[in-house]
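Structural description and commentary
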Amino acid sequence: MAETSSSPAQVELASKTVQELITSGKELPESYIYKGSDARSLDASLPLMDIPIIDIGLLTSPSSSSTQELEKLRSALSFWGCFQAINYHGIEPEFLDKMGEVGKQFFDFPPETKHKYSRKDGSTEGYGSDIIIAEEQTLDWTDRLFLTTSPKDQRQLKFWPEIPESFRETLHEYTTELEKLNEILLKAMAMCLNLEENCFLDMYGEKENATMIARFNFYPPCPRPDLVIGVKPHADASAFTYLLQDKQVEGLQFLKDNQWYRVPLNPEALVINAGDYAEIMSNGIFKSPVHRAVTNSERKRMSLAVFCIPNPDREIEPVNGVVNEARPRLYKKVKDYVSLYFEYYQRGRRPIEAAII
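Looking at an unreviewed UniProt entry, the protein chain carries the name Fe2OG dioxygenase domain-containing protein, with the source organism given as Citrus sinensis. The record held by UniProt for the protein chain lists under Sequence similarities (unreviewed entry) the comment "Belongs to the iron/ascorbate-dependent oxidoreductase family."

Here's what the structure looks like:
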């Protein structure tokens, strides 16, 4: 998406990352002051979320324990729209540590090193800060490295850091395992609703043609965490989103019934949330939760979100079996839904509004 015409002050901000803004010693720009209706809760004492924990090993087990885990999955996706996943054999805690560490190392490099991978005008791919599309837009307090990992022939390797040396190999291995986990969860979605096992997977499409995007998020210490937000409230334009949290610094929060909840840190788990595609395919049984990231006055924070998205040419709609007299069809058929996402997000709206009947 091309960036729209902006004021001179915004153009200057767009040319600087948040890390560079901090080291410049300038006062906090007005564009970073968050004015959302939930702004008062940014620095408030919030309850800790009782987030469900799903054991992937049990979920795929042939024993009776898988039935119980499927029921836990259904409850988690219906109530919170998210859960913490543990015990997936392809992504052990040590590997999560390695993936997080190479991301942190990249953001610790000097600006001239990171700018070799800077985003180009009109593109989301690469390194940079928030994309400015509107003059009234509030900017997120985060620097990002945004990389398409699938389909593999669409990887733009010029944006993939060559340092640290293990970055490319580690990200490739990590996202390859997430493709397998995504298939497991799409099947589990169907099984926990007593539907044909492949109904969600078939609508999602072949993994070779689906899109996977990795977004490394770096949040420098912020002088006013009561006024500035790390990432604005939003839901994801994905089927599932896989988040590797910082092991030591909280920041992720979910909204439930107009109350924000803090997500506890679990170094051995991935936080997985359903996206709008999952909500549409399940006809609203599974929820695509609104979430945000807050800032910290003293400590930097890094997270990695990986978004699994159907091929933009696929038409997505509620699957057979979730539409009936008791539950009428709630969503239209959608195609290339994610193209709506960035503009809606920056304007504080949810793109799923466009899909509701």
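Having put the structure on the table, let's press on.
1. Here we look at the sheet that holds strand E2 (residues 82–86)
The sheet built from 8 strands is open, its strands ordered E1-E2-E10-E7-E12-E5-E4-E3 with mixed pairing. On the outer flanks of this sheet lie strand E1 (53–55) and strand E3 (126–128), each paired with one strand and no other. Put simply, the sheet's adjacent strands are angled 25° from each other on average, direction ignored. Taken together, the 9 bridges between strand E5 (residues 211–219) and strand E12 (residues 301–309) define a ladder with antiparallel strand orientation. In the strand pairing of E12, Arg-215 is matched with Ala-305. Against the sheet, helix H5 (residues 93–108) contacts E3, strand E4 (143–150), E5, strand E7 (240–244), strand E10 (270–274) and E12, and its axis sits at roughly 115° relative to E12.

2. Focus on helix H4 (residues 65–79)
In this model H4 runs 21 Å from its N-terminal to its C-terminal C-alpha over 15 residues, within 8% of the 21 Å that 1.5 Å per residue would give. On the buried face of H4, the contacting elements are E1, helix H3 (56–59), E2, helix H7 (167–191), E7 and E10.

3. Side note on the UniProt feature "domain: Fe2OG dioxygenase" (unreviewed entry) in the protein chain
The positions that UniProt labels "domain: Fe2OG dioxygenase" (unreviewed entry) are, in the present scheme, residues 207–310. The distance from the first to the last C-alpha atom of residues 207–310 is 8 Å, and the span holds 6% helix and 45% strand.

4. Examining the pattern of salt bridges
Using the criterion set out here, one finds 18 salt bridges in the structure. The residue Glu-69 makes a salt bridge to Lys-72 at a minimum N-O spacing of 3.3 Å. With Glu-69 and Lys-72 both in helix H4 and 3 residues apart, this pair spans about one turn of that helix. Notably, a salt bridge pairs Arg-144 with Asp-140, separated by 2.7 Å at the nearest N-O pair. Asp-140 matches Arg-144 in its accessibility class, with the two residues each being buried. Several salt bridges converge on common partners, so that one network encompasses Asp-130, Asp-140, Arg-144 and Lys-232.

What counts and what doesn't
Residues numbered from 1 in each chain as written. Predicted model: local features only at pLDDT ≥ 70, side-chain atom pairs only at ≥ 80, totals over all residues. Heavy atoms only, no water. UniProt positions renumbered as here; feature names shortened; annotations may be inferred. Pairing = 2+ DSSP bridges. Helix = DSSP H or I, 4+ residues; strand = E, 2+ residues; numbered from the N terminus. Axes fitted to C-alpha atoms, helices over the stretch in contact; angles between N-to-C directions. Contact = heavy atoms within 4.5 Å. Expected span 1.5 Å × (residues − 1). Salt bridge = Lys/Arg side-chain N within 4 Å of Asp/Glu carboxyl O. Buried < 20%, exposed > 50% of the residue type's maximum accessible area, 1.4 Å probe, protein only.

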